[in-house]
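# Commentary on secondary and tertiary structure
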Amino acid sequence: MPSQNNSGRQYDKQHGITIIATAAVAAARFVGYDGAHATSAGGVHDTQAISETAADVGDAFTGITGYSGLVEASAAIAFGDYVKPAADGSGKAAVGTLADHCGRALGAAGGAGELIEVERIRHIHA
């Protein structure tokens, strides 16, 4: 579904960093400080960025760190939901909570595999 704030699959990348992949990384996924798909395990596994492109181990890729990026959903997500990395380690977006999140959905996903715009927020764990 298009973003609530933009028409089509747009996003507002304000900041990006270069990351070296330590594992295969898919495009449009949450990426941790360790260079692999992010999880909610904390520490280096917390979300640092959203991957713009796919990367193999040792490849450099751009990670979006500022304002918003497109993330693939792991399940249905409503506009405004807090989101976090899926528990399966895929880096896809899953519904989070006020006490556990790394972003906010700026659009809605009807199910797994859909791209949604996500506003990046500092990772929060209760």
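Here we summarise the structure given alongside this text.

### Describing the pattern of salt bridges
The tally for this structure, following the rule as stated, stands at four salt bridges. Linking Glu72 and Arg29 is a salt bridge whose minimum nitrogen-to-oxygen distance equals 3.2 Å. Of the two residues, Glu72 sits in strand E4 (residues 60-72) while Arg29 sits in the loop between strand E1 (13-20) and strand E2 (30-32), which places them 43 residues apart along the sequence. Each member of the pair, Glu72 together with Arg29, is buried. Among the ionic pairs, Asp100 bridges to Lys84, the shortest N-O distance being 3.3 Å.

### Focus: the nonpolar core
Ranked by internal contacts, the top residues of the largest apolar core, which has 14 residues, are Phe30, Val71, Ile77, Val83, Ala93, Ile116 and Val118. Breaking this core down by element, the ones donating at least two residues are E4, strand E7 (100-105) and strand E8 (115-125). Other than its neighbours up to four places away in sequence, Val83 contacts Phe30, Ile77, Ala93, Ala94, Val95, Gly96, His101, Cys102, Gly103, Arg104, Ala105 and Val118. Membership of the second largest hydrophobic core comes to seven residues, among which are Ala21, Val25, Ala55 and Phe61.

### Here's the deal with the pairing of strand E5 (residues 82-85)
Relative to E7, E5 runs antiparallel, the two sharing two bridges. Looking across to E7, one finds that Val83 is bridged to Gly103. Two elements, E5 and strand E6 (residues 93-95), share three bridges in a ladder whose sense is antiparallel. When the sheet's bridge partners are listed, Lys84 is paired in E6 with Ala94.

### Considerations on unusual backbone geometry
Notably, Ala28 is not glycine yet its phi reads approximately 60°, a positive angle. Relative to the helices and strands, Ala28 is located in the loop between E1 and E2. Classification of Ala28 by relative accessible area gives buried; the value is 12%. Of note in this structure, Tyr67 is not a glycine but carries a positive phi near 50°. Within the element layout of this structure, Tyr67 appears in strand E4.

### Some remarks on the side chain of Asp100
In this structure, Asp100 sits in strand E7. For Asp100, a relative accessible area of 16% gives the class buried. Here Lys84 takes part through its side chain, which lies 3.3 Å from a polar atom of the side chain of Asp100. In this structure Asp100 touches Ser40, Lys84, His123, Ile124 and His125, once residues within four positions along its chain are discounted.

Here is what the cut-offs are and how they apply
Every chain is numbered on its own, with residues counted from 1 as its sequence reads. The predicted nature of this model means local features are confined to residues of pLDDT at least 70 and side-chain atom pairs, given and counted, to a pLDDT of 80 or more, with totals for whole chains, interfaces and linings taken over all residues. Side-chain measures here rest on the full set of heavy atoms in the structure, leaving out hydrogens and waters. The term salt bridge refers to a side-chain nitrogen of Lys or Arg lying within 4 Å of a carboxyl oxygen of Asp or Glu. Counting from the N terminus, the helices are DSSP H or I runs at least four residues long and the strands are E runs at least two residues long. Only protein chains enter the accessibility calculation, which uses a 1.4 Å probe; a residue is then buried when its area is under 20% of its type maximum, exposed when over 50%, and partly exposed in between. Nonpolar cores were defined as sets of buried Ala, Val, Leu, Ile, Met, Phe, Trp, Tyr and Cys residues, with membership established by side-chain atoms within 4.5 Å. For this analysis, residues touch if any pair of their heavy atoms sits within 4.5 Å. Strand pairing requires that DSSP identify at least two bridges connecting the strands. Here a polar contact is recorded for every N or O atom pair within 3.5 Å, except that within protein the pair must consist of a potential hydrogen donor and a potential acceptor, and residues adjacent in sequence are included only if both atoms are side-chain atoms.

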